[in-house]
Amino acid sequence: MLNRVDQLEVTEPGVYRVGSGFHFNRLGMRCFAKGFSGLEFASDIPGTVGGAVFMNADADCQETGDVVDSVEIVPMDGELQVLRRSELAFGYRWSSFQDMKDLAAIVAVTFRLTPSTAATERERAFLERRRRTQPIGERSAGSVFRNPSGAETSAGRLIELAGLKGFAVGGAKVSNVHANFFVNFNGSTSQDMLALISHVKESVDKRFQIELKEEVKYVPYWTQM
């Protein structure tokens, strides 16, 4: 399904009402270019506004939930609802939307940002650091695993310590740049990627007794009847 709800409306300086299908990186670039802070990290993150809010996308000490003012949703009964920030909860790669059993769709999000003369400079610093530490330009779904709760090191570091940087299954490979990014380097199939994820989980668990949990979401494949 392709989300075409991609409108953007400036309701007042620093307040943006954005359709859930609007590209998250475009929103980040627009906001910092206008001198507003809070979404500088978004300028190089693929995906949509709705997905960023659902997952509470974050990077560089900024997270989506910090600047959410309200969210418009449609539950299964089809009646539009507006949820204020006080009615929502956000955590590490988590939002209360993930626990809403009757959620049909996130329709639009209103963000409230703060003026900042340093927004452009901050975004450039974020982007430069990301280009040094992540496989920018390679085909990936971003971070595969959440950082384990209570562990003293990140998921990527655990994978690296397990000796799995560069390990490949078919056309899917653990990135040589950042071990928590799995890249499609040679025509990977979904089965290649699933097998790689399974192997990495088993290897890390066997060596460190830590069970990695996926951050990526699995979409079932439905064949047309």
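Residues numbered from 1 in each chain as written. Predicted model: local features only at pLDDT ≥ 70, side-chain atom pairs only at ≥ 80, totals over all residues. Heavy atoms only, no water.

### Focus: the nonpolar core
Counting 30 residues, the largest nonpolar core has Phe24, Leu27, Leu39, Val71, Phe97 and Phe111 as the members making the most contacts within it. Secondary-structure elements contributing two or more residues to this core are strand E2 (15-19), helix H1 (24-33), helix H2 (49-55), strand E6 (68-75) and strand E10 (103-112). Of all the elements, E10 adds the most residues to this core, at four residues. Once residues within four sequence positions are removed from consideration, Phe111 is found in contact with Gly14, Val15, Tyr16, Val18, Leu27, Leu39, Val49, Val53, Thr64, Val67, Val68 and Asp69. Counting 15 residues, the second-largest nonpolar core is a separate cluster that includes Val144, Phe182, Ile197 and Leu212. (Core = buried A, V, L, I, M, F, W, Y, C linked by side-chain atoms within 4.5 Å. Buried < 20%, exposed > 50% of the residue type's maximum accessible area, 1.4 Å probe, protein only. Helix = DSSP H or I, 4+ residues; strand = E, 2+ residues; numbered from the N terminus. Contact = heavy atoms within 4.5 Å.)

### Side note on the sheet that holds strand E1 (residues 8-12)
The strands making up a sheet associate through hydrogen bonds between their backbones, and the pairing can be parallel or antiparallel. Spatially, five strands are ordered E1-E2-E10-E6-E7 in an open sheet, and the strand pairing comes out antiparallel. Edge positions in the open sheet fall to E1 and strand E7 (81-84), since each of these has one partner strand only. For this sheet, the mean angle separating the axes of adjacent strands, direction not counted, is 25°. Both E6 and E10 contribute to a ladder of seven bridges, which runs antiparallel. Bridging across to E10, Val74 finds its partner in Ala105. (Pairing = 2+ DSSP bridges. Axes fitted to C-alpha atoms, helices over the stretch in contact; angles between N-to-C directions.)

### A few points about the side chain of Asn184
Mapped onto the elements of the fold, Asn184 is located in strand E15 (residues 181-184). A polar atom in the side chain of Asn184 sits 2.7 Å from the backbone nitrogen of Ser188. When residues no more than four places from it in sequence are discounted, the contact partners of Asn184 are Arg139, Gly171 and Met193. (Polar contact = N/O pair within 3.5 Å; in protein donor to acceptor, adjacent residues only side chain to side chain.)

### Topic: the pattern of salt bridges
A pair can form between side chains of opposite charge whenever their charged atoms are brought close. For the coordinates displayed, the defined rule picks out 13 salt bridges. For Glu9, the salt bridge goes to Arg17, with nearest N and O atoms at 3.8 Å. A relative accessible area of 23% means that Arg17 is categorised as partly exposed. Among the ionic pairs, Glu40 bridges to Arg122, the shortest N-O distance being 2.6 Å. Of the two residues, Glu40 sits in the loop between strand E3 (36-37) and H2 while Arg122 sits in helix H3 (residues 119-133), which places them 82 residues apart along the sequence. A relative accessible area of 0% places Glu40 in the buried class. What you see here is one network of salt bridges that share partners, running through Glu9, Arg17 and Glu72. (Salt bridge = Lys/Arg side-chain N within 4 Å of Asp/Glu carboxyl O.)

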